[in-house]
Amino acid sequence: MNSRRALVTGGAGFLGSHLCDGLLGEGYQVVAADNLLTGRLENIAHLRNDSRFEFLQKDVCEPSDWGPLDYVFHFASPASPVDYAKHGLATLRVGSYGTFEALESARGCGAKFMMASTSECYGDPLVHPQPESYWGHVNPVGPRSVYDEAKRFSEAVTTAYHRYHKVDTRILRIFNTYGPRMQLHDGRVIPNFMWQALRGENLTVFGDGSQTRSFCYVSDEVDGILRLAKSEEHEPVNVGNPVEFTVLECARKVIAVTGSASKIKFEALPQDDPKQRRPDISKARRLLGWEPKMDLESGLKLSLEYFRKAVLEERH
Ligand code: UDP
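Right, let's walk through the structure included here. Quantities reported herein were computed from a predicted structural model and do not represent experimental measurements.

Thresholds applied
Residues numbered from 1 in each chain as written. Predicted model: local features only at pLDDT ≥ 70, side-chain atom pairs only at ≥ 80, totals over all residues. Heavy atoms only, no water. Axes fitted to C-alpha atoms, helices over the stretch in contact; angles between N-to-C directions. Helix = DSSP H or I, 4+ residues; strand = E, 2+ residues; numbered from the N terminus. Parallel < 35°, antiparallel > 145°, perpendicular 65-115°, else oblique. Left-handed = near helix turned anticlockwise from the far one by under 90°. Contact = heavy atoms within 4.5 Å. Polar contact = N/O pair within 3.5 Å; in protein donor to acceptor, adjacent residues only side chain to side chain. Expected span 1.5 Å × (residues − 1). Bend = angle between axes of the 7 residues up to and from the residue. Buried < 20%, exposed > 50% of the residue type's maximum accessible area, 1.4 Å probe, protein only. Pairing = 2+ DSSP bridges.

Description of the packing of helix H1 (residues 14–25) against helix H6 (residues 218–230)
Move 1: Between H1 and H6, the least distance of the axes is 10 Å, while the angle of their chain directions is 60°. Here H6 runs oblique to H1, going by the angle between their axes. The crossing of H1 and H6 is right-handed. Contacts between H1 and H6 involve Phe14, Leu15, His18, Leu19, Gly22 and Leu23 on the former and, on the latter, Val218, Glu221, Val222, Ile225 and Leu226.

The following block contains the structure:
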């Protein structure tokens, strides 16, 4: 058991670092690779003295010899709308060249492979909730296309390596995930609202706040990832929380959980902002026996200490 070795690309990112923790908990040796474009060393600082953990600062778009591997988890990519707008070309590169390289690494060792895909594959969906069989509604030249199309391409490459090279692949479609270690300023709705609420500033709701998202607490997401890793499913699987909130409801929850006196102010809706998002998780339930356990209020409460500390540290 203890000799299993996994590579996590994007291992210093928010979700990648939680996945490293989960894999160490399952008895893996873990190599985390990250170019630190949006990943942060503080996310993995607690693993520094763990002899089963190794961090390599690398651009995963370049070929690398990682040594023997049993599993490759390709999680490297800017993932928030603000980050991928800022790093558009890097996002396209890691979804394309990076996916080829990660798949070649898996193929070379006969390792299993998982690609971190996203609900962005569904774009601004016309089918609700979104089952894996829905092909999506994506603007290929809009501001989100660098991420959406990179991930759709990445799914295509992963599927082709399975089809042509018989690589043992998995495709995970992640829906809005949150929790400790999110960057305060990656622009995503929960860190933004937490930051604003904890500083007593007004929460910026974009549009009229009627657009919806379904938020999955990070420990639930990692549980789903580990279950999918052990499954034999090669087609995409949604792993997200199916309880849907409007962004306005989310703002009110954050105000309640933080006990803040902040009010809500409305700002312009970004272009191509999806109007609704909710995963159909029948497949994950059936295949993985997976079900998220944490409701939004409990997850926000569990995240509060991290966000409080991050806001305090920023002040000093
Ligand atoms: N949003 C908002 N205020 C903010 C940040 C985001 O109203 O300060 C909205 C955003 O327009 C979107 C939703 O919250 O409708 C989720 O945005 P996020 O950037 O977290 O991720 P997305 O699901 O759009 O990729």
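Section: the side chain of threonine 177
Move 1: With respect to the secondary-structure elements, threonine 177 resides in strand E7 (residues 177–178).
Move 2: A distance of 2.8 Å separates a polar side-chain atom of threonine 177 from the backbone oxygen of phenylalanine 175.
Move 3: Of note is the side chain of threonine 177, whose polar atom sits 3.3 Å from the side chain of glutamate 221.
Move 4: When near neighbours in sequence (up to four residues on either side) are disregarded, threonine 177 contacts Phe14, Leu15, Met182, Cys216, Tyr217, Val218 and Glu221.

Some points on helix H9 (residues 296–315)
Owing to its 3.6 residues per turn, the α-helix aligns residues three or four sequence positions apart on the same side.
Move 1: For H9, spanning 20 residues, the distance from its first C-alpha to its last is 27 Å, which sits close to the expected 28 Å at 1.5 Å a residue.
Move 2: If you look at H9, its biggest bend is around 40°, right at leucine 304.
Move 3: Within H9 the residues assigned to the buried category are Leu296, Gly299, Leu300, Ser303, Leu304, Phe307, Ala310 and Val311.
Move 4: Structurally, H9 contributes buried residues whose contacts are with E7, helix H5 (189–198), strand E10 (216–217), strand E12 (244–246) and helix H7 (247–258).
Move 5: Two to three positions downstream of the cap, the backbone nitrogen of glutamate 297 sits 3.2 Å from a side-chain oxygen, assigning the N-cap of H9 to aspartate 295.

Quick notes on the sheet that holds strand E3 (residues 53–57)
Move 1: Taken in spatial order, the 7 strands line up as E3-E2-E1-E4-E5-E6-E11 in an open sheet, and their pairing is parallel. Unpaired on one side and paired on the other, E3 and strand E11 (236–239) mark the two borders of the sheet. When strand polarity is set aside, the average angle formed by the axes of neighbouring strands in this sheet is 20°.
Move 2: Two strands pair when backbone bridges link them, and strand E1 (residues 5–9) and strand E2 (residues 29–34) are joined in this way by 5 bridges, in the parallel orientation. Within E2, the position partnered with alanine 6 by the bridge is valine 30.
Move 3: Contacts between H1 and the sheet are confined to E1, E2, E3, strand E4 (71–74) and strand E6 (169–174), with E1 contributing the most and set at about 170° to the helix.
Move 4: Relative to E4, helix H3 (residues 88–109) is tilted by about 175°, and along the sheet it contacts E4, strand E5 (112–118) and E6.

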